[in-house]
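Residue-level structural notes
For reference, the chains in residue letters:
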Amino acid sequence: MSILGAVKLRSRRRRAHLRAFLKRHQLKSVADRTRGIAANAILLLCTLRNERVRLPFFLRYYRDLGVEHFLFVDNDSDDGSREFLADQPDVSIWTTSASYKASRFGVDWLTWLQRRYCHQHWCLTVDVDEFLVYPFCETRPLRALTDWLDSSAIRSFSAMMLDMYPKGSMQSRPYHEGQNPFEIAQWFDSGNYTIHRNGGLGNLWIQGGPRSRVFFPDQPAMAPALNKIPLVHWHRSYAYVSSTHMLLPRGLNLVYDEWGGEKASGCLLHAKFLDTFASKAAEEMQRGQHYGASVEYRSYQEKLAKQPDLWCKFSEKYINWRQLEILGLMSKGNWA
Amino acid sequence: MSVGFVMLCHTALDRAAEVARHWAERDCPVVIHVDRRVERPAYDGLMAALADLGNVRFSGRYACEWGTWGIVAATQEAATLMLREFAEVRHVYLASGSCLPLRPVEELRRYLDSRPRTDFIESVTTSDVGWTVGGLNLERFTLRFPFSWRKRRRIFDWYVRFQRRIGFCRKVPAGLVPHLGSQWWCLTRQTLSAILESPDRAETDRYFRRVWIPDESYFQTMVRLYSTNVESRSLTLSKFDYQGKPHIFYDDHLQLLRRSDCFVARKIWPQADKLYDTFLHNAGGGQPAAEPNPGKIDRLFSKAVERRIKGRAGLYMQSRFPNENWENGRTAAPYSVLEGFSEVFENFEVWLGKVAGTRAHGHLFAPDRVEFAGNETVFSGALSDSAALRDYAPKNFLSNLIWNTRGERQCFQFGPNDRQDCSWFMACDPNAQISVISGAWAIPLFHSNQNFSDIRREAARLQKIEADHIGILRSHYAKARIRIWTLAEFVENPMEPLQSIVDEISPRSARRLTEAPRLADLKGFGQFLQNLRNQGMQPVLMGDFPTGEDPTPATTRRRRPYLVK
């Protein structure tokens, strides 16, 4: 990389931090328990809007994995999400009614929180419908993973998004509060993913899965990206560039091996396709606050009118992480 | 007689205390060395936790940076203390704070009692070790290493290269033969005291102070001078990965560790509660006194290292995206690419599927849609038949298909009418078996009902594409198994090539082909080619088709030729 390129990337990172700094006043603290964060604690960051029904299971799932403190940004919920979270003992929450889009889809807000509270912590950035699965996650807590990453001098951990869907119409089995969403959305696509390398930042650009297959068969380039790097040993100078797809400095994006080997990686099980999806899609269309002029949501809406079945006879039913490992969706790397 | 433990600790002191207590309560003296970089309160806490035990001592503290002399100095001092304070100790066992005893101390004691003169220490001459990281074997002893490898890797490497260039070479003291081996040993009082009280010790220490990673070489080398009976293996189960850091054991390794019959394992994750509970507090016992047998664990870890270094052939995913030619196999399994066959024969795919017992795809790279076998709209791994999706990442499409159907051989048709993006990819893939009947694309044209000028134009286009494709197949980069026949050659004797293709696809069915697929009607084809020539085009890929005279395939002459033995 040329010196000029390096300077450009650095200024891009600086700009991200400046934006975050300027937007910090948009965040109003609702419950700030950050004083209680222990040195070394594993933190989780999340932006949400009207996700009350999902929250109990979400919190339980990540508490069980060993997340010690949650940092939420609530984007103007009116369904009680904010009040619910404010009552949790291990949650700090900020609220804002500012534009999600203008905050680069929440990245600016999170960058500010990361800069303030996450320095030198392992920090997991996910959405409310994303559930991290990593090698040995049934028997080893998240701390085992981060300890191992530390000892291997690895700073970032990749987890590709895996879209989960039910068999039959999404409406047929409603989701109940506290329920494991993967009792309903049990299925996934095992081997139709495409990978491109993103030259500038060095990350991989992964697309595919049911969203490409059903919603974007004719314009594959428009299909949403599935590559994510949600788990990072944070330093205050780091910044996510676009959602959690890629980071700066770009060394953090090198979560893949280029010489034939496999690095350790996980999956983010994505419980988007539940009965809540249709109303969510309608609401997001109306707000127009999503990526690429909400192309994604427009396409969903068109197709959703026909009650599509994402399931096909080659769909795989989810069992556990070992299954994903065997299918080649994630890898143990040299962790044994 | 007893065994005493020297423990080198630097983190997870509470676990170290637990293990020390376990040993001390079972009448094994323990000497603990705590890294000087550990802060005072933590150290005091450890002392307080073990204060009630009479046979635990703390030795003088050294800073133990990895790869430096500090670790050896700490070991020396702790061992000296052990020998001085506990006269009944016959074997001294060097362990770390993250070690865990897997078998009752009683069994270890019995084991050592029956081998009272044996020193257990891995000690290998420098020319025979294959495991050193960074390629430094003998040079560990002959170069100087003033810079930290961990913190100043660049200047470390530069200085090594510099010394090599100017031919710098330290002299190994007379009488010493450099040996390397695992840091964790168990030595007898005799040997250990001989090393520690050696008259040359000051000099050897001065030498080793500048050796690279002396904890893996100091005792390993010295023991060769003084021991009468070296058993070159470590009693501690400790595995290193390719970066030279130890593998870590977790709760889910419990059964594996149990069955290994090793005495002590390293390194245990400090929060592996189940392991610590099981091995420290539940008296195991009852097992026969077996020899340590770490084979299973070895295999587990070497597989993990292989996964990290070589990965799975043909897999492209979020954490494995090899640069071109570094794939260790572009695709996961062998597959067959058949070019021209579906044009020469009628219903070829159906016939092939029947004969070879597999699903044969149509033209996977057809421009309008993916022709999966059986006209499926989705295929294994939920691959879509959308041409746009396929053409967005054609190589991914092919490698995905082969990966998704591991265990089931894939065959598909290919031709100049298809998207050619994967030509190079397939030609350079040793898994591909490409059989080409060149010029076969002319048969559908010959049968088509188009204006001749259109046919001529189309023929020229297809010939150009196929000529390019064959050029790729013939290039010296090609690694696939490639066979090319001209159309004329092929129709003269189609059975033999077909037989070899079917044999390749299903090698286990040793049946001879009894039934050939039906050849397309070629009456007047020679004249058709001549017409093309007359229009100024030069059809070359078909080979020599005599004008007027129609080819007569061998099969029609001889019935069931392959049944005759």
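Residues numbered from 1 in each chain as written. Chains lettered and ligands numbered in written order. Predicted model: local features only at pLDDT ≥ 70, side-chain atom pairs only at ≥ 80, totals over all residues.

This part covers the interface of chain B and chain A. Tallying the contact residues gives 49 residues for chain B and 50 residues for chain A. Mapped by element, the contributors of at least two residues to the side of chain B that touches chain A are helix H12 (295-309), strand E15 (378-379), strand E16 (383-384), helix H15 (387-392) and helix H16 (394-404) of chain B. Here the side of chain B that touches chain A gets seven residues from one element, more than from any other, and that element is H12 of chain B. For the side of chain B that touches chain A, the residue count by class is 24 nonpolar, 15 polar and ten charged. (Contact = placed C-beta atoms within 7 Å. Helix = DSSP H or I, 4+ residues; strand = E, 2+ residues; numbered from the N terminus. Nonpolar A, V, L, I, M, F, W, Y, C, P; charged D, E, K, R; others polar.)

This part takes up the sheet that holds strand E11 (residues 236-238) of chain B. Residue and element names in this part refer to chain B. Sheet architecture is open: three strands sit in the order E5-E12-E11, paired in mixed fashion. Each edge of the sheet is formed by a strand with only one pairing partner; in this case those strands are strand E5 (100-101) and E11. Summarising the sheet, E5 and strand E12 (residues 264-266) pair through two bridges and their orientation is antiparallel. In the sheet register, Pro 101 faces E12, and the bridge partner there is Val 264. (Pairing = 2+ DSSP bridges.)

All names here are of chain A. Within helix H5 (residues 142-151), burial applies to Leu 142, Ala 144, Leu 145, Thr 146 and Trp 148. Lining the buried residues of H5 we find helix H2 (55-65) and strand E5 (122-125). Positioned one or two residues after H5, Ala 153 has a phi angle of 60 degrees, which is positive. (Buried ≥ 20, exposed ≤ 12 C-beta atoms within 10 Å, placed from the backbone.)

This paragraph deals with the environment of Ser 77 of chain A. All names here are of chain A. Examined against the element boundaries, Ser 77 turns out to sit in the loop between strand E3 (69-75) and helix H3 (81-86). When the C-alpha positions of Ser 77 and Ser 190 are compared, they lie 35 Å apart, and in sequence the two are 113 residues distant. Leaving out residues up to four positions away in the same chain, Ser 77 has contacts with Arg 49, Asn 50 and Arg 82.

Let us now look at H2 of chain A. Residues and elements named next belong to chain A. Where H2 is concerned, the buried positions are Leu 55, Phe 57, Phe 58, Tyr 62 and Leu 65. With its buried residues spanning 165 degrees around the axis, H2 presents them on a single face. Seen from the buried face of H2, the exposed residues on the opposite side, beyond 90 degrees, are Arg 60 and Asp 64. In this fold, the buried residues of H2 make contact with strand E2 (43-48), H3 and H5. Among the residues trailing H2, Gly 66 stands out with phi positive, at a value near 115 degrees. (Arc of directions from axis to C-beta.)

A few words now on the environment of Val 133 of chain A. Residues and elements named next belong to chain A. Mapping Val 133 onto the fold places it in strand E6 (residues 130-133). A C-alpha to C-alpha distance of 5.2 Å links Val 133 and Cys 267, two positions 134 residues apart in sequence. In contact with Val 133, not counting residues within four places along its chain, are Gly 266, Cys 267, Leu 269, Trp 321 and Leu 324.

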